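# Fold and contact review
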Amino acid sequence: EHAHGINSGCVDGVVRWESVPRCNPMTEQDRAKYELRKGDIVFARTGATTGKSFLLPDVEDAVFASYLIRVRLHQLDAAPFVALFFESPEYWSVVAEGITGSAQGGFNAKKLSSLSIPLPPPEVQAEVIEELSGLRRIVRKLEDGYQSELDNLEELRQSILEQAFEGKLTEPVAA
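Attention in this report is confined to the structure presented alongside it. Each chain has its residues counted from 1, running along the sequence as written. With pLDDT at 70 or above as the cut-off, local features in this predicted model cover only qualifying residues; side-chain atom pairs require 80 or more to be listed or tallied, and sums for whole chains, interfaces and linings still use all residues. The side-chain values count all of the structure's non-hydrogen atoms but skip hydrogen atoms and water molecules.

## Quick notes on the pairing of strand β5 (residues 41-44)
Cut-off, in case you're wondering: Relative accessibility decides the category of a residue: with a 1.4 Å probe and only protein chains considered, values under 20% of the type maximum give buried, values over 50% give exposed, and everything between is partly exposed. Under the scheme used here, helices are H or I runs from DSSP no shorter than 4 residues and strands are E runs no shorter than 2 residues, and both carry numbers assigned from the N terminus. In this scheme, strands are said to pair when DSSP sees at least two bridges between them.
Here β5 shows two buried faces, one formed by Ile41 and Phe43 and the other by Val42 and Ala44. Where β5 meets strand β6 (residues 53-55), 3 bridges bridge the pair, whose relative direction is antiparallel. Residue Val42 lies in a different strand from β6, and its bridge partner there is Phe54. Summarising the sheet, β5 and strand β8 (residues 68-71) pair through 4 bridges and their orientation is antiparallel. Directly across from Ile41, in β8, lies its bridge partner Val71.

## Details of a nonpolar patch on the surface
Heads up, the rule is: Each patch is built from salt-bridge-free residues with over 30% relative accessible area, joining like charges within 9 Å and nonpolar side chains (Val, Leu, Ile, Met, Phe, Trp, Tyr) within 5 Å. Using a 1.4 Å probe, the Shrake-Rupley method yields the accessible areas, and only the shown protein chains count as cover for residues. What counts as a salt bridge is simple: a side-chain nitrogen of Lys or Arg found within 4 Å of a carboxyl oxygen of Asp or Glu.
Where nonpolar side chains cluster on the molecular surface, the patch consists of Val124, Val128, Leu132, Leu135, Ile138, Leu142 and Tyr146 and spans about 600 Å² of accessible area. Here Tyr146 shows up in helix α5 (residues 122-165). Judged by its relative accessible area of 57%, Tyr146 is exposed.

## Re the pattern of salt bridges
For the structure on display, the rule yields 5 salt bridges. Arg136 is the partner of Glu87 in a salt bridge, and the nearest nitrogen-oxygen pair spans 2.0 Å. Of this pair, Glu87 sits in the loop between α2 (79-85) and α3 (89-100) while Arg136 sits in helix α5; the two residues are 49 residues apart in sequence, bridging distant segments of the chain. Two residues, Lys168 and Glu166, come together in a salt bridge whose shortest N-O distance is 2.9 Å.

Written out as structure tokens, the structure reads:
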């Protein structure tokens with residue numbers, strides 16, 4: 001039986017399952033060892049996205065690729081908060097140390113498991129998640145507005161260039 005192999009297909013915090021490649025786990029034991037579940041967090045072990053993490057909000061019969069690290073929490077309800085920790089400057093400084101301190105420039109499960117993650121009470125976790133979600137919506141709106149303005153400026157630049165090459169920007173010189 002085939003399973004999805006999570007190694008691509010994550011876009012804007014959503015897994016596009018139709019673009020995730022299918023794979024053949026060797027045995028049921030391997031399948032159980034590598035399966036992904038809702039609430040798992042996967043990390044890029046190497047490459048340009050080393051240390052980048054992704055919280056799986058849902059899973060469609062999937063296993064993870066060998067260059068990923070899977071973290072499964074005992075307290076599943078804490079997963080959204082813990083996933084936010086993996087975006088913090090404290091976490092990224094540990095990733096940077098792991099990359100620069102390693103001959104192969106990667107990040108591994110041992111380094112990840114050595115992290116101490118502050119876990120406040122559930123009600124505080126919920127407040128933090130809600131506040132950050134609101135701030136992200138504001139940032140997204142601002143980014144969209146700036147992108148729209150940049151697009152308009154690029155259109156204006158192209159129009160000016162076109163007019164310049166057609167000689168429409170200069171006035172004729174009187175003789």
